[in-house]
Amino acid sequence: MQTLEYTAPKTLKDAITLLAQKGDAARPLAGGTDVLVQLRVGRRPQVNTLVDLKNIPELTRLSYDPREGLYLGAAVACCHVYEDATVRRMYPGLIDAAELIGSVQIQGRASVGGNVCNAAPSGDTIPALIALSATCSIAGPNGTRSVPMEQFCTAPGRNLLQNGEILVAVRIPAPAPNSGAAYLRFIPRNEMDIAVAGVGASVVLDSAKQRITSARVALASVAPTPLFVTAAGQALAGKAVTDEAAIQAAADAAVAAARPITDMRGTIEFRKQLVGVLTRRTLHIAIQRARGA
Amino acid sequence: MADKVHVRTTINGEATEFLCEPRQSLLEVLRDVVGLTGSKEGCNDGNCGACTVLFNGRMVTSCLVLGVEAEGKNVTTIEGIATPAGLHPIQQAFLENAALQCGICTPGFIVAAKALLDREPNPSEQRIRLWLAGNLCRCTGYDKIIRAVMDASKKMQEVKAR
Ligand SMILES: Cc1cc2nc3c(=O)[nH]c(=O)nc-3n(C[C@H](O)[C@H](O)[C@H](O)COP(=O)(O)OP(=O)(O)OC[C@H]3O[C@@H](n4cnc5c(N)ncnc54)[C@H](O)[C@@H]3O)c2cc1C
Ligand code: FES
Ligand code: FES
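Just so it is clear, the structure is predicted and the values come from calculations on it, not from any experiment.

On to the domain arrangement of chain A. All names here are of chain A. What the domain assignment reports for chain A is domain 1 (5–52), domain 2 (57–172) and domain 3 (179–290). Measuring from the centre of the C-alpha atoms in domain 1 to the corresponding centre in domain 2 gives 18 Å. The partner domain 2 presents 16 residues to the 12 residues of domain 1 that form the contact. Each partner contributes to the roughly 1200 Å² buried at the junction of domain 1 and domain 2, and carbon and sulfur atoms together form 62% of this total. It is Leu12, Ile16 and Thr33 that lose the most area in domain 1 upon contact with domain 2, and together they represent 41% of the buried surface on that side. Applying the counting rule to domain 1 against domain 2 returns zero salt bridges. At the junction of domain 1 and domain 2, the tally comes to three residue pairs in polar contact (both at pLDDT 80 or more). Looking at which element gives the most residues to the side of domain 1 that touches domain 2, the answer is helix H1 (residues 12–22), with five residues. A class-by-class count of the residues in the side of domain 1 that touches domain 2 yields six nonpolar, four polar and two charged.

See below:
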C-alpha cells in the first residue's frame, strides 16, 4: 500500500474543507472494509490521505423519531443498526440487508453509508434502502442537499458526490401504517459472498390490510447500479394482497428491467431467473410483515 | 514517507504505546511493532478471520483496521485470552476436541468464539456456525471446531452453575 496520511477531524466542516482541498488525493474512511482493501490492491493509487469520519457526531448518530423517521449517520456500523431494538422493530427490511454484509467481524466495522458510497452494483443495503424510500443527506463546500437513494449511484463504484462532498446520513421516513419491507439475495453459500442477485421490496396496504396501496421494488447485481423498478410497484398498486397474478406481474417487470451481465457468479439467464423468484419472495415477506404489524 | 504516529492504546489490559505509519494495519502493528504474533495473517482482506481481535469488545478483522485507529481503544488479542491460572476453557476445549491441525486459523477462531460466548453463553449449533462464518479453516473441516465451541459453552456454564 502507498504511503498515507491519516486524519480524524472532529467536525463536519473540517472534514469537508480537507476533502475539498485535497480532491482525489483524499478519501473518506468509515469502516474501511472497502477502501482499505482497494488501497491494498492498488486500485486507488492517487490517494495519499485518509479522512476518518468516525469522530464526526453527525455521522455517528442513529436516532428514530415518529415524525422524522430514521436518522442513520453515514458512519454507523451495521452491528449498531441491527442491534438497535427500534430499528429492528421499525425497519426489518433494512435489518435483512445489514445482517447479510460479510461476517460478524465485517459487520462490526462496515457502515451502511460506506456500503452506499462504495456504490457497488451488489451493495446489499442499497436496494433495501431504495425500497424504504430512503434519502441521502449530503454536505459539501457549497452547502447541503438531499437526494433520493435511487439516484445516488451513477456507475459501478461511482456516486454523485462532488469534490468535498460527504454523505452525512441516510434518512428513512417513518414507516406508513400497514407497511412492510424485506430484502433477499442469492449467493451460492449461506454467508460471506457477493450477491448474484438481490431484491428489496416494500408495500403499503390499505387500512383493512386487504389491498396494496403502493409498492417499491429495487434490485442488486443486475445492472451497473442498484436498480429501482417503478413498473414493478405500479403492477401492484390497487391489487389484493392475495393476487398472485399481480405479484407475478411485478416479478415480470423486475425481470424485464434487469440488465445483468454474465460473470463468474452467474449467467444473464440465471440472474434474470433469480430476479423473478426473489421479487416474488420479497414481496410475500413484505406483505406478511405489513399484515402482521 | 509519512511521519510515524504515536499511538496510546490498551492491549490485553495493559496500557501500551507504539509508533506506526498510518498505512499500517492493526494486524501489522500487533505482529511487527508490538511483537504479539498470535494474530495471524491469512488473506489481508477481511475474508479469513485469522486476524480476529476484539476492538473495544467487538470482534473485527485487524487487517482491516488501521493501527492509528487504536488510539484510546481497548484491544484484546489471542494473547489476552488465557489467564495466569491457565488456558481459557475455549482453548482447553480446542485441545480436547482436536479442533486444530496446522493452527493458523486457531487464534482467530478462539477470539471469535470468546466474543460469542461472552454475549450468548448457550448458543445453538447453527448460531455458532453462523457466528464463525467469517473464520476459515483449510484443515479441520470445521466440525471439530464447532464441537469444541459447544463443549466450551457447556463447561463454562457448568462452572458458573457451581
Ligand atoms: C470480507 C468482506 C465481505 C463483504 N461482504 C459484503 C456483502 O455481503 N455485501 C455487501 O454489500 N458488501 C460486502 N462487503 C463490502 C463492504 O464491507 C461494505 O460495502 C461496507 O458496508 C462498506 O462500509 P465501510 O464503512 O467499511 O466503508 P469504507 O471502506 O470506509 O468506505 C467505502 C467507500 O465509501 C467512501 N465513503 C465512506 N463513507 C463515506 C461518506 N460518509 N461520504 C462519502 N464517502 C464515503 C470511502 O471513501 C470509500 O470509497 C464485504 C467486504 C469484505 C471485506
Ligand atoms: S488476515 Fe484479516 S481476515 Fe484474513
Ligand atoms: S487448522 Fe489449519 S487452517 Fe485451521
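Next comes the rest of the account.
The next subject is the pairing of strand S10 (residues 166–172) of chain A. Residue and element names in this part refer to chain A. In terms of burial, S10 is largely enclosed, as six of its seven residues are buried. As paired strands, strand S6 (residues 135–140) and S10 are joined by five bridges and run antiparallel to one another. Residue pairing in the sheet places Thr135 in a bridge with Arg171 of S10.

Pairs can form between side chains of opposite charge once their charged atoms are near each other. Under the defined criterion, the tally for this structure stands at 21 salt bridges over all chains. Note that Glu99(A) and Arg88(A) form a salt bridge whose closest N and O atoms lie 3.1 Å from each other. Of this pair, Glu99(A) sits in the loop between helix H6 (92–98) and helix H7 (104–107) while Arg88(A) sits in helix H5 (residues 85–90), and the two are 11 residues apart along the sequence. Of the residues examined, Arg88(A) reaches a relative accessible area of 40% and is grouped as partly exposed. Among the ionic contacts, a cluster of salt bridges with common partners joins Asp52(A), Lys54(A), Arg109(A) and Glu69(B).

To continue, consider the packing of helix H12 (residues 244–257) of chain A against helix H13 (residues 268–292) of chain A. All names here are of chain A. Interaxial distance between H12 and H13 falls to 8 Å at its minimum, and their mutual angle equals 135°. Here H12 lies oblique to H13, going by the angle between them. Taken as a pair, H12 and H13 cross one another with a handedness that is right-handed. Between H12, through Glu244, Ile247, Gln248, Ala250, Ala251, Ala254, Val255 and Ala256, and H13, the contact on the second element is made entirely by Lys272, Val275, Gly276, Thr279, Arg280, Leu283, His284 and Ile287. Here the contact of H12 with H13 is composed, by residue class, of nine nonpolar, four polar and three charged.

Residue and element names in this part refer to chain A. Spatially, the four strands line up as an open sheet ordered S11-S12-S13-S14, and their pairing is antiparallel. The two strands at the open ends of the sheet, each matched to only one other strand, are strand S11 (179–186) and strand S14 (227–228). Pairing of strand S13 (residues 212–220) with S14, which is carried by two bridges, proceeds in the antiparallel orientation. Each residue of the ladder has a partner; that of Ala218, found in S14, is Phe228.

Residues and elements named next belong to chain A. Summed over the entire model, instances satisfying the criterion amount to three aromatic pairs over all chains. A centroid spacing of 5.5 Å and a plane angle of 90° characterise the contact between Phe186 and Phe270, whose relative ring orientation is edge-to-face. Of the two residues, Phe186 sits in strand S11 while Phe270 sits in helix H13, which places them 84 residues apart along the sequence. With relative accessibility at 29%, the residue Phe186 sits in the partly exposed group. The positively charged end of Arg61 is found above the aromatic ring belonging to Tyr71, 3.9 Å away from the centroid.

A separate point is the side chain of Asp52(A). Here Asp52(A) is to be found in strand S3 (residues 49–52). On the basis of relative accessibility, which here comes to 3%, the residue Asp52(A) falls in the buried class. Polar side-chain contacts of Asp52(A) include one of 2.6 Å to the side chain of Tyr6(A). If we skip the residues at most four places from it in the chain, Asp52(A) touches Tyr6(A), Thr7(A), Ala8(A), Pro9(A), Leu29(A) and Glu69(B).

A word on the pairing of strand S2 (residues 26–29) of chain A. Residues and elements named next belong to chain A. Where S2 meets S3, four bridges bridge the pair, whose relative direction is parallel. Paired with Leu29 across the bridge in S3 is Asp52. Taking the sense of rotation as the criterion, the β-α-β connection linking S2, helix H2 (residues 35–40) and S3 turns out right-handed.

Leu59(A), Val81(A), Leu94(A), Leu129(A), Met149(A), Phe152(A) and Ile172(A) are the most contacted members of the largest nonpolar core, which totals 80 residues. Ranked by residue count, the leading element in this core is S10(A), at six residues.

Turning our eyes to something else, we now look at helix H1 (residues 26–33) of chain B. All names here are of chain B. Inspection of H1 places Leu26, Leu27, Val29 and Leu30 among the buried residues, and these make up the whole buried set. Buried residues along H1 sit against strand S1 (5–11), strand S2 (14–20), strand S3 (52–55) and strand S5 (74–76). The first or second residue beyond H1 is Gly35, which carries a positive phi of 85°.

The rules behind these values
- Residues numbered from 1 in each chain as written.
- Chains lettered and ligands numbered in written order.
- Predicted model: local features only at pLDDT ≥ 70, side-chain atom pairs only at ≥ 80, totals over all residues.
- Heavy atoms only, no water.
- Domains from an automatic or database assignment.
- Contact = heavy atoms within 4.5 Å.
- Buried area = accessible area lost by both parts, 1.4 Å probe.
- Salt bridge = Lys/Arg side-chain N within 4 Å of Asp/Glu carboxyl O.
- Polar contact = N/O pair within 3.5 Å; in protein donor to acceptor, adjacent residues only side chain to side chain.
- Helix = DSSP H or I, 4+ residues; strand = E, 2+ residues; numbered from the N terminus.
- Nonpolar A, V, L, I, M, F, W, Y, C, P; charged D, E, K, R; others polar.
- Buried < 20%, exposed > 50% of the residue type's maximum accessible area, 1.4 Å probe, protein only.
- Pairing = 2+ DSSP bridges.
- Axes fitted to C-alpha atoms, helices over the stretch in contact; angles between N-to-C directions.
- Parallel < 35°, antiparallel > 145°, perpendicular 65-115°, else oblique.
- Left-handed = near helix turned anticlockwise from the far one by under 90°.
- Phe/Tyr/Trp six-rings, centres within 6.5 Å; stacked < 30°, edge-to-face > 60°.
- Lys NZ or Arg CZ within 6 Å of the ring centre and 35° of its normal.
- Right-handed = clockwise from strand over helix to strand, strands pointing away.
- Core = buried A, V, L, I, M, F, W, Y, C linked by side-chain atoms within 4.5 Å.

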